[in-house]
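# Fold and geometry: a report
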Protein chains: 2
Amino acid sequence: MPKTFTDFFDVRTRQEVETILETSCPSMKGESLPLAEALYRVAAETILSPEALPPFSRSTVDGYAVHSDDTFAASEGFSALLTLAGKIPMGTVTEKSLNRGEVMAISTGGVLPEGADAVVMVEHTADRGENLIEIFRPLSPLENVVAAGEDVQKGDQILRKGQEIRPQEMGLLAALGITRVPVAAKPVVGIISTGNEIVSPETSPPPGQVRDVNRYTLNGLIQKAGGTPRFIGLIPDNETALKQACEDGLVQSDILLLSGGSSVGVRDLTLQVLQTFSGFSLLVHGVAVSPGKPTILAKVGDKLVFGLPGHPASAWVIAHLFVSRAIRACLGFSEGTFPVWDHATVSRNIPSAQGREDFIRARFTMKGTTRTVEPIFSKSGIISSLVAANALIRVPLNAEGVYKGEEVDILAI
Amino acid sequence: MPKTFTDFFDVRTRQEVETILETSCPSMKGESLPLAEALYRVAAETILSPEALPPFSRSTVDGYAVHSDDTFAASEGFSALLTLAGKIPMGTVTEKSLNRGEVMAISTGGVLPEGADAVVMVEHTADRGENLIEIFRPLSPLENVVAAGEDVQKGDQILRKGQEIRPQEMGLLAALGITRVPVAAKPVVGIISTGNEIVSPETSPPPGQVRDVNRYTLNGLIQKAGGTPRFIGLIPDNETALKQACEDGLVQSDILLLSGGSSVGVRDLTLQVLQTFSGFSLLVHGVAVSPGKPTILAKVGDKLVFGLPGHPASAWVIAHLFVSRAIRACLGFSEGTFPVWDHATVSRNIPSAQGREDFIRARFTMKGTTRTVEPIFSKSGIISSLVAANALIRVPLNAEGVYKGEEVDILAI
């Protein structure tokens, strides 16, 4: 009888692997970085504001500081006529208070004088000469003003542990004088390529051999997810050599990727070698995901080890789904999932088999609000089909396929 | 009479500014980078494949190389019984040809022997002993095989000038032995902050002064778009100092950003200073975009200069819309627009004024295929509202607002 899928592996679903990853990833130490180097890093600590922002009440427009009561019911037809009592220079605090019936000229960002509670925009005024300013609009208290502490109060949380630092977080931190920021160190992700038929990309392969592709696709995906890739070596299918490389890799990395060698067959050395390490535990042996079925996930001490399929497309799908997620978990990233799912309408029927979640290379396009995804049908060994794709379509575990016109989950890739 | 919007500026729409940017951005030189450093860089040249991929016909599964004709009509009930003629070691070329009626054991990635045209998966076979292999499936020619040159032919375009290098492009280049790649140099984007009321973020502002926020939000947005930020200096509202800083900035940068000083008012020095440079031409003075109306776009020789509003939120919106796009144009990026628009259903009414395109800070969420965006109503001076936002809602130029439940364009931020 032919063997079946389940003869080979104790297969886990994607969701099961995701749950396992949540509790299995090593946590990274924090490091303090200059703010300009912290872009898209993940905060290692929660930061509370050391002070109030703004430190004083500021105008948000060019115009005149007023008592808002003095503009009551002012309009084009029935203006308020007030006395210009001076001009507030930028960057200084005026000692003079504003009396009722007076205005003071103020620029955007200027400090409100004592007594003023609003600013009328210059567009809604006219200078009548002899220090008389005509105002055509009524103002509410605090109109065109940011009051002291209105933006941030001292002690407010301004960065949460696990939050990603975007340009706007950089801006807020700068506003509060925080120019160094504690972020999670990038996990080092070691890459070991295996296979007697694989040569280094710099070299010209002799007959029967091919260049190492996974070294680079994995390198890119690791960088994208926020890790530091480190190439450990290209190892032939030899137990001694693989054991030595794993020893090196485990010392040098937080997460270790082995690509190739995880399929059942003559070359299935990965598990055999990993089992010889003390502190080894097997977390996953086989995933109900295609391509990528023969994936191994293990721990050796506190290090996480992936045995990835050798097929470039398979290794790439599994790295998207699981390695990226593991890197984010190491970073303590706490905002939603990674990678982020999207959706689109599929333009063709896609056949599939039950019992596995299929990830089909595809081309996503958006016109207005119409989101379409076109599957790229290709043999699994075709590397150029990865380049043609900008999305992966998910065909659910228990579906026999999806039909043209159905909404499907997609991953941008 | 109160002055109106158009008294101040010769206002351009966003689309007009985008068109102007297309022809106004300096082109970057190419530089050759090691492949691992080329992630998300933009190709400076079109690259054609120097060779065929794969170089030989390969198996994509573990199984047996066969003549497909020998499996004609094979099934579970009516199997084909063939003779095992040997095993193909990985990474080598077998000199032996496959005769009719024979199979050879082959692993994933193995080289097909002369005479074989397909590979049957081991799951669809049984080893009957005495070198007899039973096959339960019919095979088509090239089934489970990637033929020589089937992936890429010599001379095929593998990277287009202007294409972004993703992990999968890195993989394809590695497969073809291309481990250095010509990419556009990153444009250097100089930042000059201006304003008497502004102090460096490292310092504690004296009364009436605030820290420089734009230096960091712009830094982050420049990095995100693929440029190299370079801080030129923090300059008081002083013509001589600003002129000197612009001279320095124009020498050091491909694109120069001045933040602050572009509003009409006492501090409107930017244009005055820029006009003194030979080779100056004003491209845009005022955009029909809110926030960000008083934006200036100019050229000085082949350098592009932006006068950005001083308001952090305004500078940030304009940088998203135009500075990012200018950086991509410098890089020669040729795949669609940048930034990329998305869409969602708005959860509340948003009032607006005709004659300007409003960009409202908002929170985007997705549940299944339901895409919702909630506007964050906030005063323009509130920096923490930038942090609360993950999207900008676009309210069209000639709309008086959008209604709850309408589909709106959004930008992820």
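Residues numbered from 1 in each chain as written. Chains lettered and ligands numbered in written order. Predicted model: local features only at pLDDT ≥ 70, side-chain atom pairs only at ≥ 80, totals over all residues.

## Regarding the overall build of chain A
Selection rule: Numbering of helices and strands runs from the N terminus, with a helix taken as a DSSP run of H or I at least four residues long and a strand as a DSSP run of E at least two residues long. For the radius of gyration, the atom set is restricted to C-alpha positions; the globular benchmark scales as 2.2 Å times the number of residues to the power 0.38. Whether two residues are in contact is decided by their C-beta atoms, placed from the backbone, lying within 7 Å.
Of the regular secondary structure elements, chain A holds eight helices and 28 strands. A compact globule built from 413 residues should have a C-alpha radius of gyration of about 22 Å, whereas chain A, at 31 Å, is more than 25% larger. Within chain A, contacts between residues at least 6 apart in sequence are counted, and of these 71% link residues at least 24 apart.

## Some remarks on the domain arrangement of chain A
We count it as follows: What marks off one domain from the next here is an automatic or database domain assignment.
Taken as a whole, chain A is organised into domain 1 (5-28 + 186-331), domain 2 (31-52 + 154-184), domain 3 (58-146) and domain 4 (341-412). Here the C-alpha centre of domain 4 of chain A lies 60 Å away from the C-alpha centre of domain 3 of chain A.

## A short note on the interface of chain A and chain B
Counted only if it meets this: Residues were grouped as follows: Ala, Val, Leu, Ile, Met, Phe, Trp, Tyr, Cys and Pro as nonpolar; Asp, Glu, Lys and Arg as charged; and all remaining residues, including Gly, as polar.
Each partner contributes residues to the interface: chain A has 80 residues there, and chain B has 80 residues. Of the residues in the side of chain A that touches chain B, the class split is 34 nonpolar, 29 polar and 17 charged.

## A closer look at the sheet that holds strand β16 (residues 228-235) of chain A
Consider a sheet: its strands pair through backbone hydrogen bonds, and that pairing is either parallel or antiparallel. Residues and elements named next belong to chain A. So the rule is basically this: Whether two strands pair comes down to DSSP finding at least two bridges between them. Orientation is described by lines fitted to C-alpha atoms, with helices fitted over the stretch in contact, and by angles between N-to-C directions that extend from 0 to 180 degrees.
Taken together, the six strands give an open sheet; going across it, the order is β16-β13-β17-β21-β20-β18, and neighbouring strands pair in mixed fashion. A single partner strand is all that each edge strand has here, and the edge strands are β16 and β18 (280-285). Direction aside, neighbouring strands of the sheet carry axes that sit 20 degrees apart on average. When strand β20 (residues 296-300) meets strand β21 (residues 303-308), the two strands line up antiparallel, connected through five bridges.

## Quick word on the packing of helix α3 (residues 167-175) of chain A against helix α4 (residues 214-225) of chain B
Rules: Working definition: roughly parallel below 35 degrees, roughly antiparallel above 145 degrees, roughly perpendicular at 65 to 115 degrees, and oblique for all remaining angles. In this scheme the crossing of two helices becomes right-handed for a clockwise turn of the near helix relative to the far one and left-handed for an anticlockwise turn of less than a right angle.
Closest axis-to-axis distance for the α3 of chain A/α4 of chain B pair is 7 Å, and the angle between their directions is 160 degrees. Comparing their axes, α4 of chain B and α3 of chain A come out roughly antiparallel. Where α3 of chain A crosses over α4 of chain B, the handedness of that crossing is right-handed. From α3 of chain A, Pro 167, Gln 168, Met 170, Gly 171 and Ala 174 of chain A reach across to α4 of chain B, where they touch Arg 215, Tyr 216, Thr 217, Asn 219, Gly 220, Leu 221 and Lys 224 of chain B. Across the contact of α3 of chain A with α4 of chain B, the residue classes tally to five nonpolar, five polar and two charged.

## A few points about the sheet that holds strand β13 (residues 188-194) of chain B
Residues and elements named next belong to chain B. In spatial order, the strands read β16-β13-β17-β21-β20-β18; together these six strands make up an open sheet with mixed pairing. Since the sheet does not close on itself, it has two edges, and those belong to β16 (228-235) and β18 (280-285), each with one partner. Pairwise comparison of adjacent strand axes, ignoring direction, gives a mean angle of 20 degrees for this sheet. Relative to strand β17 (residues 255-259), β13 runs parallel, the two being bridged by five bridges. What sits directly across from Ser 193, in β17, is Ser 259. Packed on one face of the sheet, helix α2 (residues 14-24) meets β18, β20 (296-300) and β21 (303-308) and runs near 155 degrees to β18.

## Description of the relation of the copies chain A and chain B
Stated formally: When the copies are superposed, the least-squares fit draws on C-alpha atoms of residues that have pLDDT of at least 70 in both.
The operation relating chain A to chain B is a screw motion whose rotation component is 180 degrees, with 0.0 Å of axial translation and a residual RMSD of 0.1 Å. Both copies are brought into coincidence by an operation consistent with a two-fold rotation axis. Distance from the rotation axis, computed per C-alpha, reaches its smallest value in chain A at Asp 342 of chain A: 5.7 Å. The fraction of interface residues of chain A whose copies in chain B are also interface residues reaches 100%, indicating that both copies meet through the same surface.

## Some words on α4 of chain B
This is how it is decided: Each residue after the first adds 1.5 Å to the expected span of a helix. Burial is judged by counting the other C-beta atoms within 10 Å of a residue's own C-beta: 20 or more makes it buried, 12 or fewer makes it exposed, and any count in between marks it as partly exposed, with every C-beta position built from the backbone.
Its twelve residues place the ends of α4 of chain B 16 Å apart at the C-alpha level, agreeing with the 16 Å of an ideal helix rising 1.5 Å per residue. Most of α4 of chain B is tucked away, with eleven of its twelve residues classed as buried.

## Observations concerning the pairing of strand β28 (residues 407-412) of chain B
On a regular strand, each side chain points to the face opposite its neighbour's, so the side chains alternate between the two faces of the sheet. Residues and elements named next belong to chain B. The pairing of strand β22 (residues 341-346) with β28 spans five bridges and is antiparallel. Paired with Ala 344 across the strands is Val 408, a residue of β28. Pairing of strand β26 (residues 391-395) with β28 involves four bridges; the strand directions are antiparallel. When the bridges of β28 are listed, Ala 391 appears paired with Ala 412.

## Some remarks on the environment of Leu 33 of chain B
Residues and elements named next belong to chain B. Within the secondary structure, Leu 33 is located in strand β1 (residues 30-34). Taking C-alpha positions, Leu 33 is 5.4 Å from Val 181, a pair spaced 148 residues apart along the chain. Setting aside residues no more than four positions away along its own chain, Leu 33 makes contact with Ala 38, Arg 41, Arg 180, Val 181 and Val 183.

## Details of helix α5 (residues 239-252) of chain A
All names here are of chain A. Quick reminder of the rule: In this description, the arc belongs to the directions extending from the helix axis to the C-beta atoms.
In this model, α5 (14 residues) spans 20 Å end to end at C-alpha, consistent with the 20 Å of a helix rising 1.5 Å per residue. Within the sequence span of α5, burial applies to Leu 242, Ala 245, Cys 246 and Gly 249. Taken down its axis, α5 places every buried residue within 105 degrees of arc, on the same side. Of the exposed residues in α5, the ones pointing more than 90 degrees away from its buried face are Thr 240 and Val 251. On its buried face, α5 sits against β13 (188-194), β16, β17 (255-259) and α6 (270-274).

## Regarding the pairing of strand β24 (residues 357-367) of chain A
Residue and element names in this part refer to chain A. In this sheet, β24 lies alongside strand β19 (residues 289-290) in parallel orientation, the contact comprising two bridges. Of the residues in β24, the one forming a bridge with Val 289 is Glu 357. For β24 and strand β26 (residues 391-395), the ladder comprises five bridges, and the chain directions are antiparallel. When the sheet's bridge partners are listed, Phe 359 is paired in β26 with Arg 394. Sheet analysis places β24 next to strand β25 (residues 370-375), joined by six bridges and oriented antiparallel. Paired with Lys 367 across the strands is Thr 370, a residue of β25. Between β24 and β25, which pair antiparallel in sequence order, lie two residues; one of them, Gly 368, sits at a positive phi of approximately 60 degrees.

## Let's talk about the nonpolar core
Rules: Under the definition applied here, buried Ala, Val, Leu, Ile, Met, Phe, Trp, Tyr and Cys residues are grouped into a nonpolar core through C-beta atoms within 7 Å.
With 246 residues, the main nonpolar core has Ala 65, Leu 257 and Ile 393 of chain A together with Ala 65, Leu 257 and Ile 393 of chain B as its most contacted residues. With near-sequence residues (within four places) excluded, Ala 65 of chain A lies in contact with Ser 59, Ile 88, Leu 98, Val 103, Met 104, Ile 106, Leu 112, Pro 113, Ala 116 and Val 119 of chain A.

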